[in-house]
Amino acid sequence: MEYGFGIVGCGMIAKFHANAIRDLGNARLVACYDAVPAAADRFAEQQNCRPYHDLKKMLKDPEVQVVTICTPSGAHMEPAVAAAKAGKHVIVEKPLEITLKRCDKMIQACEKAGVTLSAIFPSRFHESTQMLKAAVDQGRFGRLTLGDAFVKWYRTQEYYDSGAWRGTWELDGGGALMNQAIHSVDLLAWLMGPVAEISAFTGTLAHERIAVEDVAAATVRFENGAIGVMEATTAAYPGYLKRIEIHGSEGSAGFEEEEIKFWDFKNKTEEDDKVLAQMAGKTQTGGGAADPSAIGHHGHTAQFRDVLEAIETGRKPLVDGHEGRRSVEIILAIYKAAETGKSVKLPLKSDPPLKARAKKKEQPTVSTPSVATSAEKESPVAASDNQPVERALTPEGAPAMPETRSVP
Ligand SMILES: NC(=O)c1ccc[n+]([C@@H]2O[C@H](COP(=O)([O-])OP(=O)(O)OC[C@H]3O[C@@H](n4cnc5c(N)ncnc54)[C@H](O)[C@@H]3O)[C@@H](O)[C@H]2O)c1
(Lines give C-alpha, C1' and ligand atoms only; values in the text may rest on other atoms or scores of the structure.)
Protein backbone atom coordinates (compact mmCIF):
# COMPACT_ATOMS: atom_id res chain seq x y z
CA MET A 1 0.00 0.00 0.00
CA GLU A 2 1.18 3.54 -0.71
CA TYR A 3 0.84 5.99 2.18
CA GLY A 4 0.09 9.68 1.71
CA PHE A 5 1.91 12.01 4.11
CA GLY A 6 1.05 15.54 5.23
CA ILE A 7 3.59 17.74 7.02
CA VAL A 8 2.60 20.35 9.62
CA GLY A 9 5.23 23.08 10.10
CA CYS A 10 7.36 23.82 7.04
CA GLY A 11 10.66 24.95 8.57
CA MET A 12 14.13 23.44 8.81
CA ILE A 13 13.37 19.86 9.80
CA ALA A 14 10.38 19.55 7.43
CA LYS A 15 12.77 19.25 4.48
CA PHE A 16 14.38 16.23 6.10
CA HIS A 17 10.91 14.70 6.43
CA ALA A 18 10.20 15.33 2.75
CA ASN A 19 13.48 13.66 1.77
CA ALA A 20 12.84 10.71 4.08
CA ILE A 21 9.31 10.22 2.70
CA ARG A 22 10.71 10.26 -0.84
CA ASP A 23 13.19 7.51 0.05
CA LEU A 24 10.56 5.17 1.50
CA GLY A 25 9.36 3.75 -1.80
CA ASN A 26 5.81 3.13 -0.59
CA ALA A 27 4.96 6.70 0.42
CA ARG A 28 4.29 10.08 -1.11
CA LEU A 29 4.27 13.61 0.30
CA VAL A 30 0.76 14.81 -0.50
CA ALA A 31 0.24 18.00 1.50
CA CYS A 32 1.73 20.54 3.87
CA TYR A 33 0.45 23.19 6.26
CA ASP A 34 2.18 26.04 8.10
CA ALA A 35 0.83 28.78 10.33
CA VAL A 36 2.63 31.17 7.99
CA PRO A 37 0.84 30.69 4.64
CA ALA A 38 3.84 31.83 2.57
CA ALA A 39 5.94 29.16 4.25
CA ALA A 40 3.47 26.45 3.23
CA ASP A 41 3.33 27.80 -0.33
CA ARG A 42 7.10 27.92 -0.70
CA PHE A 43 7.57 24.43 0.77
CA ALA A 44 4.80 22.98 -1.44
CA GLU A 45 6.45 24.43 -4.51
CA GLN A 46 9.84 23.03 -3.53
CA GLN A 47 8.50 19.63 -2.55
CA ASN A 48 5.76 19.27 -5.14
CA CYS A 49 2.81 18.83 -2.79
CA ARG A 50 -0.46 20.65 -1.98
CA PRO A 51 -0.17 23.66 0.36
CA TYR A 52 -2.91 24.22 2.92
CA HIS A 53 -3.52 27.43 4.87
CA ASP A 54 -6.03 25.76 7.17
CA LEU A 55 -5.04 22.66 9.15
CA LYS A 56 -8.64 21.41 9.31
CA LYS A 57 -8.77 21.35 5.52
CA MET A 58 -5.52 19.42 5.26
CA LEU A 59 -6.83 16.90 7.77
CA LYS A 60 -9.88 16.36 5.57
CA ASP A 61 -7.68 15.48 2.58
CA PRO A 62 -8.49 11.78 1.95
CA GLU A 63 -5.07 11.20 0.39
CA VAL A 64 -3.33 12.02 3.69
CA GLN A 65 -3.03 8.99 5.98
CA VAL A 66 0.04 9.96 8.02
CA VAL A 67 0.75 13.41 9.46
CA THR A 68 4.24 14.43 10.61
CA ILE A 69 4.49 17.31 13.08
CA CYS A 70 7.41 19.72 12.59
CA THR A 71 6.17 22.73 14.54
CA PRO A 72 8.13 24.23 17.47
CA SER A 73 8.33 21.74 20.34
CA GLY A 74 5.66 23.31 22.58
CA ALA A 75 3.27 23.48 19.62
CA HIS A 76 3.25 19.75 18.83
CA MET A 77 0.18 18.81 20.84
CA GLU A 78 -2.56 20.81 19.14
CA PRO A 79 -1.93 19.61 15.56
CA ALA A 80 -1.15 16.08 16.77
CA VAL A 81 -4.45 15.80 18.65
CA ALA A 82 -6.35 17.31 15.70
CA ALA A 83 -4.70 14.81 13.33
CA ALA A 84 -5.57 11.88 15.62
CA LYS A 85 -9.19 13.04 15.85
CA ALA A 86 -9.28 13.15 12.05
CA GLY A 87 -8.16 9.49 12.01
CA LYS A 88 -4.61 10.14 10.78
CA HIS A 89 -1.51 8.35 12.08
CA VAL A 90 0.85 10.79 13.77
CA ILE A 91 4.65 11.08 13.74
CA VAL A 92 5.97 13.86 15.98
CA GLU A 93 9.39 15.51 16.05
CA LYS A 94 11.36 15.35 19.28
CA PRO A 95 10.63 16.19 22.03
CA LEU A 96 7.19 14.57 21.93
CA GLU A 97 6.02 17.69 23.79
CA ILE A 98 7.47 19.86 26.53
CA THR A 99 5.37 18.78 29.53
CA LEU A 100 4.10 15.39 30.67
CA LYS A 101 0.53 16.68 30.65
CA ARG A 102 0.77 17.65 27.00
CA CYS A 103 2.51 14.34 26.12
CA ASP A 104 -0.29 12.45 27.86
CA LYS A 105 -3.01 14.32 25.97
CA MET A 106 -1.40 13.31 22.68
CA ILE A 107 -0.98 9.69 23.75
CA GLN A 108 -4.60 9.51 24.93
CA ALA A 109 -5.95 11.15 21.75
CA CYS A 110 -4.09 8.66 19.53
CA GLU A 111 -5.11 5.67 21.66
CA LYS A 112 -8.74 6.81 21.65
CA ALA A 113 -8.72 7.27 17.87
CA GLY A 114 -6.92 3.95 17.34
CA VAL A 115 -4.12 5.56 15.34
CA THR A 116 -0.36 5.03 15.63
CA LEU A 117 1.74 7.65 17.41
CA SER A 118 5.51 7.78 17.11
CA ALA A 119 8.08 10.25 18.51
CA ILE A 120 11.04 10.89 16.26
CA PHE A 121 14.41 9.67 17.52
CA PRO A 122 16.40 8.86 14.36
CA SER A 123 19.56 7.85 16.27
CA ARG A 124 17.74 4.76 17.53
CA PHE A 125 17.59 3.48 13.97
CA HIS A 126 21.26 3.86 13.12
CA GLU A 127 22.97 0.54 12.43
CA SER A 128 25.55 1.21 15.15
CA THR A 129 22.89 1.88 17.80
CA GLN A 130 20.95 -1.22 16.84
CA MET A 131 24.15 -3.29 17.28
CA LEU A 132 24.80 -1.71 20.65
CA LYS A 133 21.25 -2.46 21.78
CA ALA A 134 21.57 -6.08 20.61
CA ALA A 135 24.82 -6.45 22.60
CA VAL A 136 23.09 -5.09 25.73
CA ASP A 137 20.09 -7.41 25.25
CA GLN A 138 22.41 -10.41 24.76
CA GLY A 139 24.03 -9.62 28.13
CA ARG A 140 27.47 -9.13 26.59
CA PHE A 141 28.35 -6.31 29.01
CA GLY A 142 27.81 -8.58 32.04
CA ARG A 143 26.55 -6.44 34.88
CA LEU A 144 25.96 -2.94 33.53
CA THR A 145 27.95 -0.49 35.65
CA LEU A 146 28.23 2.88 33.87
CA GLY A 147 26.24 4.54 31.10
CA ASP A 148 27.27 7.99 29.89
CA ALA A 149 25.98 10.45 27.29
CA PHE A 150 27.98 13.50 26.26
CA VAL A 151 26.50 16.14 23.98
CA LYS A 152 29.06 18.94 23.72
CA TRP A 153 27.60 21.00 20.92
CA TYR A 154 27.81 24.61 19.89
CA ARG A 155 25.09 27.03 18.86
CA THR A 156 25.77 30.64 17.98
CA GLN A 157 23.91 33.54 19.54
CA GLU A 158 22.39 34.09 16.07
CA TYR A 159 20.84 30.61 16.24
CA TYR A 160 18.90 31.58 19.36
CA ASP A 161 18.08 35.02 17.97
CA SER A 162 16.83 33.52 14.68
CA GLY A 163 13.52 32.21 15.97
CA ALA A 164 11.23 33.78 18.55
CA TRP A 165 10.56 30.30 19.95
CA ARG A 166 14.17 29.19 20.34
CA GLY A 167 15.52 29.33 23.86
CA THR A 168 12.07 29.87 25.43
CA TRP A 169 10.34 27.82 28.10
CA GLU A 170 6.98 28.27 26.34
CA LEU A 171 7.90 26.68 23.02
CA ASP A 172 11.42 25.17 23.26
CA GLY A 173 10.53 23.75 26.67
CA GLY A 174 14.13 23.93 27.84
CA GLY A 175 17.57 24.38 26.36
CA ALA A 176 20.55 22.17 25.58
CA LEU A 177 18.81 19.19 27.18
CA MET A 178 15.25 19.50 25.88
CA ASN A 179 16.17 20.61 22.37
CA GLN A 180 19.59 19.17 21.56
CA ALA A 181 20.68 16.40 23.94
CA ILE A 182 17.28 14.71 24.12
CA HIS A 183 18.40 12.25 21.41
CA SER A 184 21.13 10.98 23.75
CA VAL A 185 18.90 11.03 26.82
CA ASP A 186 16.51 8.78 24.91
CA LEU A 187 19.31 6.47 23.75
CA LEU A 188 20.87 6.12 27.19
CA ALA A 189 17.56 5.22 28.85
CA TRP A 190 16.78 2.78 26.03
CA LEU A 191 20.16 1.06 26.38
CA MET A 192 20.61 1.17 30.17
CA GLY A 193 16.98 0.80 31.24
CA PRO A 194 14.75 3.10 33.29
CA VAL A 195 16.28 5.91 35.35
CA ALA A 196 15.56 5.72 39.10
CA GLU A 197 17.18 8.87 40.52
CA ILE A 198 18.87 12.07 39.33
CA SER A 199 21.06 14.86 40.74
CA ALA A 200 21.97 17.81 38.52
CA PHE A 201 23.30 21.28 37.84
CA THR A 202 22.28 23.55 34.95
CA GLY A 203 23.41 27.00 33.90
CA THR A 204 23.06 29.67 31.22
CA LEU A 205 26.67 30.61 30.73
CA ALA A 206 27.52 31.62 27.18
CA HIS A 207 24.39 32.95 25.47
CA GLU A 208 22.50 36.17 26.00
CA ARG A 209 18.78 36.79 26.38
CA ILE A 210 17.71 33.12 26.35
CA ALA A 211 15.54 31.88 29.21
CA VAL A 212 16.79 28.28 29.21
CA GLU A 213 20.01 26.41 30.04
CA ASP A 214 22.95 26.18 27.67
CA VAL A 215 24.86 23.77 29.90
CA ALA A 216 23.71 20.89 32.08
CA ALA A 217 25.29 17.97 33.90
CA ALA A 218 23.41 15.23 35.71
CA THR A 219 24.42 12.10 37.55
CA VAL A 220 21.88 9.33 37.25
CA ARG A 221 21.20 6.00 38.93
CA PHE A 222 19.41 3.48 36.77
CA GLU A 223 16.86 1.03 38.14
CA ASN A 224 19.33 -1.82 37.58
CA GLY A 225 21.81 -0.13 39.94
CA ALA A 226 24.16 1.16 37.25
CA ILE A 227 25.27 4.80 37.45
CA GLY A 228 25.99 7.34 34.73
CA VAL A 229 26.30 10.94 33.66
CA MET A 230 24.43 13.01 31.13
CA GLU A 231 26.18 16.15 29.93
CA ALA A 232 24.60 18.60 27.52
CA THR A 233 25.67 21.95 26.21
CA THR A 234 25.30 24.30 23.26
CA ALA A 235 28.24 26.30 24.55
CA ALA A 236 31.26 24.11 23.77
CA TYR A 237 32.99 25.84 20.87
CA PRO A 238 33.37 24.59 18.14
CA GLY A 239 30.99 21.68 18.89
CA TYR A 240 31.84 17.97 18.99
CA LEU A 241 30.08 14.81 17.87
CA LYS A 242 27.86 13.31 20.54
CA ARG A 243 29.19 10.31 22.46
CA ILE A 244 27.57 7.38 24.22
CA GLU A 245 29.63 5.06 26.42
CA ILE A 246 28.36 1.86 28.03
CA HIS A 247 30.45 -0.14 30.52
CA GLY A 248 29.91 -3.39 32.36
CA SER A 249 31.74 -6.15 34.22
CA GLU A 250 32.37 -8.01 30.95
CA GLY A 251 32.53 -5.38 28.28
CA SER A 252 32.63 -1.75 27.18
CA ALA A 253 31.53 0.05 24.05
CA GLY A 254 31.75 3.67 23.01
CA PHE A 255 30.31 5.51 20.04
CA GLU A 256 30.95 8.93 18.62
CA GLU A 257 27.81 9.67 16.58
CA GLU A 258 27.55 6.52 14.39
CA GLU A 259 31.20 5.47 14.64
CA ILE A 260 32.48 2.87 17.10
CA LYS A 261 35.41 4.16 19.16
CA PHE A 262 35.81 1.10 21.38
CA TRP A 263 34.09 -2.31 21.39
CA ASP A 264 35.79 -4.57 23.90
CA PHE A 265 34.32 -7.74 25.37
CA LYS A 266 35.75 -10.39 27.70
CA ASN A 267 34.15 -13.02 25.49
CA LYS A 268 35.21 -11.85 22.06
CA THR A 269 33.45 -13.31 19.03
CA GLU A 270 34.61 -13.54 15.43
CA GLU A 271 31.97 -10.97 14.60
CA ASP A 272 33.57 -8.31 16.81
CA ASP A 273 36.44 -7.49 14.46
CA LYS A 274 34.01 -7.32 11.55
CA VAL A 275 31.81 -4.96 13.53
CA LEU A 276 34.77 -2.69 14.29
CA ALA A 277 35.82 -2.59 10.64
CA GLN A 278 32.26 -2.13 9.39
CA MET A 279 31.43 0.73 11.74
CA ALA A 280 34.69 2.70 11.38
CA GLY A 281 34.22 6.02 9.61
CA LYS A 282 30.42 5.60 9.68
CA THR A 283 29.62 9.19 10.52
CA GLN A 284 28.93 11.03 7.29
CA THR A 285 27.63 14.34 8.61
CA GLY A 286 28.45 16.91 11.27
CA GLY A 287 25.89 15.18 13.49
CA GLY A 288 24.33 18.55 14.30
CA ALA A 289 27.29 19.36 16.58
CA ALA A 290 27.75 22.90 15.29
CA ASP A 291 25.11 23.28 12.57
CA PRO A 292 21.59 21.94 13.23
CA SER A 293 21.03 21.23 9.55
CA ALA A 294 24.25 19.19 9.16
CA ILE A 295 22.46 15.90 9.73
CA GLY A 296 21.39 13.08 7.43
CA HIS A 297 17.80 11.98 6.85
CA HIS A 298 18.57 8.23 6.82
CA GLY A 299 17.50 7.87 10.46
CA HIS A 300 14.19 9.53 9.68
CA THR A 301 13.67 7.22 6.69
CA ALA A 302 14.31 4.13 8.81
CA GLN A 303 11.97 5.38 11.51
CA PHE A 304 9.18 6.23 9.04
CA ARG A 305 9.60 2.71 7.59
CA ASP A 306 9.20 1.24 11.07
CA VAL A 307 6.03 3.29 11.61
CA LEU A 308 4.49 2.17 8.30
CA GLU A 309 5.28 -1.47 9.12
CA ALA A 310 3.71 -0.96 12.55
CA ILE A 311 0.56 0.46 10.96
CA GLU A 312 0.38 -2.38 8.47
CA THR A 313 0.91 -5.19 10.99
CA GLY A 314 -0.86 -3.63 13.97
CA ARG A 315 2.26 -3.78 16.18
CA LYS A 316 3.67 -0.87 18.18
CA PRO A 317 6.32 1.29 16.50
CA LEU A 318 9.79 1.09 18.08
CA VAL A 319 9.34 4.59 19.53
CA ASP A 320 5.68 4.93 20.46
CA GLY A 321 4.16 7.78 22.48
CA HIS A 322 5.10 6.24 25.85
CA GLU A 323 8.71 5.80 24.72
CA GLY A 324 8.72 9.40 23.47
CA ARG A 325 7.44 10.65 26.82
CA ARG A 326 10.28 8.98 28.73
CA SER A 327 13.06 11.39 27.75
CA VAL A 328 10.79 14.37 28.50
CA GLU A 329 10.24 12.98 32.00
CA ILE A 330 13.98 12.48 32.58
CA ILE A 331 14.78 16.01 31.42
CA LEU A 332 12.06 17.57 33.58
CA ALA A 333 13.48 15.60 36.53
CA ILE A 334 16.96 17.00 35.75
CA TYR A 335 15.52 20.53 35.72
CA LYS A 336 13.82 19.91 39.05
CA ALA A 337 16.97 18.43 40.61
CA ALA A 338 19.04 21.38 39.41
CA GLU A 339 16.52 23.91 40.68
CA THR A 340 15.99 22.35 44.11
CA GLY A 341 19.53 21.13 44.71
CA LYS A 342 18.03 17.80 45.77
CA SER A 343 18.03 14.46 44.03
CA VAL A 344 14.78 13.54 42.27
CA LYS A 345 13.29 10.05 42.09
CA LEU A 346 11.48 8.76 39.02
CA PRO A 347 8.84 8.13 37.84
CA LEU A 348 7.47 11.65 38.33
CA LYS A 349 3.82 11.76 39.42
CA SER A 350 3.20 14.91 37.36
CA ASP A 351 4.99 17.89 35.84
CA PRO A 352 7.33 19.43 38.40
CA PRO A 353 6.54 23.10 39.08
CA LEU A 354 9.68 24.86 37.83
CA LYS A 355 10.36 28.45 38.92
CA ALA A 356 12.63 28.77 35.89
CA ARG A 357 9.57 28.76 33.64
CA ALA A 358 8.78 32.29 34.76
CA LYS A 359 11.92 33.49 32.97
CA LYS A 360 11.18 35.05 29.57
CA LYS A 361 13.44 35.26 26.59
CA GLU A 362 14.39 38.80 25.66
CA GLN A 363 13.91 39.11 21.91
CA PRO A 364 16.80 40.82 20.10
CA THR A 365 16.02 44.42 19.25
CA VAL A 366 18.08 44.54 16.06
CA SER A 367 18.21 41.68 13.56
CA THR A 368 21.67 40.90 12.26
CA PRO A 369 22.00 40.22 8.51
CA SER A 370 22.53 36.49 9.12
CA VAL A 371 19.27 36.36 11.04
CA ALA A 372 16.89 38.08 8.69
CA THR A 373 17.64 38.93 5.10
CA SER A 374 14.84 40.48 3.07
CA ALA A 375 14.13 37.13 1.41
CA GLU A 376 13.93 35.44 4.76
CA LYS A 377 11.55 38.07 6.08
CA GLU A 378 9.30 37.23 3.17
CA SER A 379 9.12 33.63 4.31
CA PRO A 380 10.65 31.71 7.18
CA VAL A 381 11.42 28.75 4.95
CA ALA A 382 14.96 28.18 3.72
CA ALA A 383 15.65 28.43 0.02
CA SER A 384 17.84 25.37 -0.06
CA ASP A 385 18.89 22.38 2.00
CA ASN A 386 22.35 23.85 2.47
CA GLN A 387 21.15 27.03 4.04
CA PRO A 388 21.90 27.11 7.76
CA VAL A 389 19.04 27.17 10.19
CA GLU A 390 19.91 30.62 11.47
CA ARG A 391 17.44 32.03 8.98
CA ALA A 392 14.68 29.58 9.65
CA LEU A 393 12.19 31.62 11.61
CA THR A 394 12.56 35.32 12.09
CA PRO A 395 10.86 36.90 15.07
CA GLU A 396 8.75 38.75 12.51
CA GLY A 397 7.82 35.53 10.72
CA ALA A 398 7.16 33.57 13.84
CA PRO A 399 3.65 32.68 14.81
CA ALA A 400 2.48 34.59 17.82
CA MET A 401 3.84 33.29 21.07
CA PRO A 402 1.06 31.95 23.24
CA GLU A 403 -0.14 34.83 25.37
CA THR A 404 -2.12 33.13 28.03
CA ARG A 405 -0.91 29.54 28.02
CA SER A 406 0.85 28.55 31.16
CA VAL A 407 3.14 25.56 31.07
CA PRO A 408 2.48 22.88 32.17
N1 LIG B 1 15.11 15.20 14.73
C2 LIG B 1 15.99 16.17 14.64
O3 LIG B 1 17.18 15.93 14.49
C4 LIG B 1 15.51 17.60 14.71
C5 LIG B 1 16.34 18.62 14.24
C6 LIG B 1 15.86 19.92 14.30
C7 LIG B 1 14.60 20.20 14.83
N8 LIG B 1 13.84 19.19 15.32
C9 LIG B 1 12.52 19.47 15.93
O10 LIG B 1 11.63 19.87 14.89
C11 LIG B 1 10.73 20.87 15.38
C12 LIG B 1 10.81 22.09 14.48
O13 LIG B 1 12.13 22.60 14.48
P14 LIG B 1 12.70 23.44 13.23
O15 LIG B 1 14.13 23.66 13.51
O16 LIG B 1 12.27 22.83 11.95
O17 LIG B 1 11.90 24.82 13.48
P18 LIG B 1 11.64 26.00 12.43
O19 LIG B 1 11.46 27.21 13.24
O20 LIG B 1 12.68 25.99 11.36
O21 LIG B 1 10.25 25.58 11.75
C22 LIG B 1 9.03 25.56 12.43
C23 LIG B 1 7.91 25.83 11.44
O24 LIG B 1 6.65 25.64 12.09
C25 LIG B 1 5.77 26.71 11.75
N26 LIG B 1 4.80 26.82 12.84
C27 LIG B 1 4.95 27.36 14.07
N28 LIG B 1 3.85 27.17 14.81
C29 LIG B 1 2.98 26.49 14.04
C30 LIG B 1 1.68 25.98 14.24
N31 LIG B 1 1.07 26.13 15.42
N32 LIG B 1 1.07 25.34 13.21
C33 LIG B 1 1.71 25.18 12.03
N34 LIG B 1 2.93 25.64 11.77
C35 LIG B 1 3.57 26.28 12.77
C36 LIG B 1 6.68 27.92 11.59
O37 LIG B 1 6.07 28.94 10.80
C38 LIG B 1 7.91 27.29 10.91
O39 LIG B 1 7.78 27.29 9.51
C40 LIG B 1 11.11 21.12 16.83
O41 LIG B 1 10.29 20.39 17.68
C42 LIG B 1 12.55 20.62 16.92
O43 LIG B 1 12.88 20.16 18.22
C44 LIG B 1 14.27 17.91 15.25
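Parameters and conventions
Position numbers for residues start from 1 in each chain and track the written sequence from start to end. Whole-chain, interface and lining totals are the exception, using all residues; otherwise, since this is a predicted model, local features are given only for residues with pLDDT of at least 70 and side-chain atom pairs are given and counted only at 80 or more. In DSSP terms, a helix is any run of H or I states spanning at least four residues, a strand is any run of E spanning at least two, and both are numbered starting from the N terminus. Whether a residue is buried, exposed or partly exposed follows from its count of other C-beta atoms within 10 Å of its own C-beta, namely 20 or more, 12 or fewer, or something in between, respectively; the C-beta atoms are built from the backbone. Pairing between strands is defined by DSSP: at least two bridges between them are needed. Placing a C-beta atom from the backbone of each residue, one calls two residues in contact when those atoms lie within 7 Å. In this description, a line fitted to the C-alpha atoms serves as the axis of each element, helices being fitted only across the stretch in contact, and the angle between N-to-C directions of two axes falls anywhere from 0 to 180 degrees. Across the chain, bend at a residue is computed as the angle between axes fitted to the seven residues ending at that point and the seven starting from it. Only buried Ala, Val, Leu, Ile, Met, Phe, Trp, Tyr and Cys residues enter a nonpolar core, and they are joined through C-beta atoms within 7 Å. Domain start and stop points were drawn from an automatic or database domain assignment.

Brief notes about the environment of Asp351
Consideration 1: Within the element layout of this structure, Asp351 appears in the loop between strand 14 (344–345) and helix 12 (374–378).
Consideration 2: Exposure remark for Asp351: the 20 C-beta atoms within 10 Å place this residue in the buried category.
Consideration 3: Along the primary structure Asp351 and Lys336 are separated by 15 residues, whereas in three dimensions their C-alpha atoms are 9.6 Å apart.

Thoughts on the pairing of strand 7 (residues 144–152)
Each regular strand shows side chains that alternate between the opposite faces of the sheet.
Consideration 1: Where strand 7 lies against strand 11 (residues 243–248), 6 bridges are found, and the strand directions are antiparallel. Across the sheet, residue Leu146 finds its bridge partner in strand 11, namely His247.
Consideration 2: As paired elements, strand 7 and strand 10 (residues 227–233) share 5 bridges and run parallel to each other. Note that in strand 10 the partner of Val151 across the bridge is Ala232.

Side note on the sheet that holds strand 12 (residues 251–256)
Consideration 1: Taken together, the 8 strands give an open sheet; going across it, the order is 13-12-11-7-10-9-8-14, and neighbouring strands pair in mixed fashion. The open sheet has two free edges, formed respectively by strand 13 (259–265) and strand 14, since each of these has just one partner strand.
Consideration 2: Of the strand pairs in this sheet, strand 8 (residues 195–203) and strand 14 are connected by 2 bridges, and their pairing is antiparallel. Bridge pairing in strand 14 links Ile198 to Val344.
Consideration 3: Sheet contacts for helix 11 (residues 321–340): strand 8, strand 9 (215–222) and strand 14; angle to strand 8, the most-contacted strand, approximately 60°.

Concerning helix 8 (residues 176–192)
Consideration 1: Along helix 8, the sharpest kink reaches roughly 70°, centred on Ile182.
Consideration 2: Within helix 8, 17 of the 17 residues are buried, which leaves the element mostly enclosed by the surrounding structure.

Remarks on the nonpolar core
Consideration 1: Residues Cys32, Val90, Leu177, Val185, Ile331 and Ile334 are the most contacted members of the largest nonpolar core, which totals 108 residues.
Consideration 2: Sort the elements by how many residues they give to this core and helix 8 lands first, with 12 residues.
Consideration 3: Each of two domains, domain 1 (3–123 + 297–319) and domain 2 (125–294 + 326–340), supplies a minimum of three residues to this core.
Consideration 4: Contacts of Val185, omitting those with residues within four sequence positions, involve Ala149, Leu177, Met230, Ser327, Ile330 and Ile331.
Consideration 5: If you look at the next biggest cluster of nonpolar residues, it comprises 6 residues, including Tyr159, Trp169, Ala211 and Val212.

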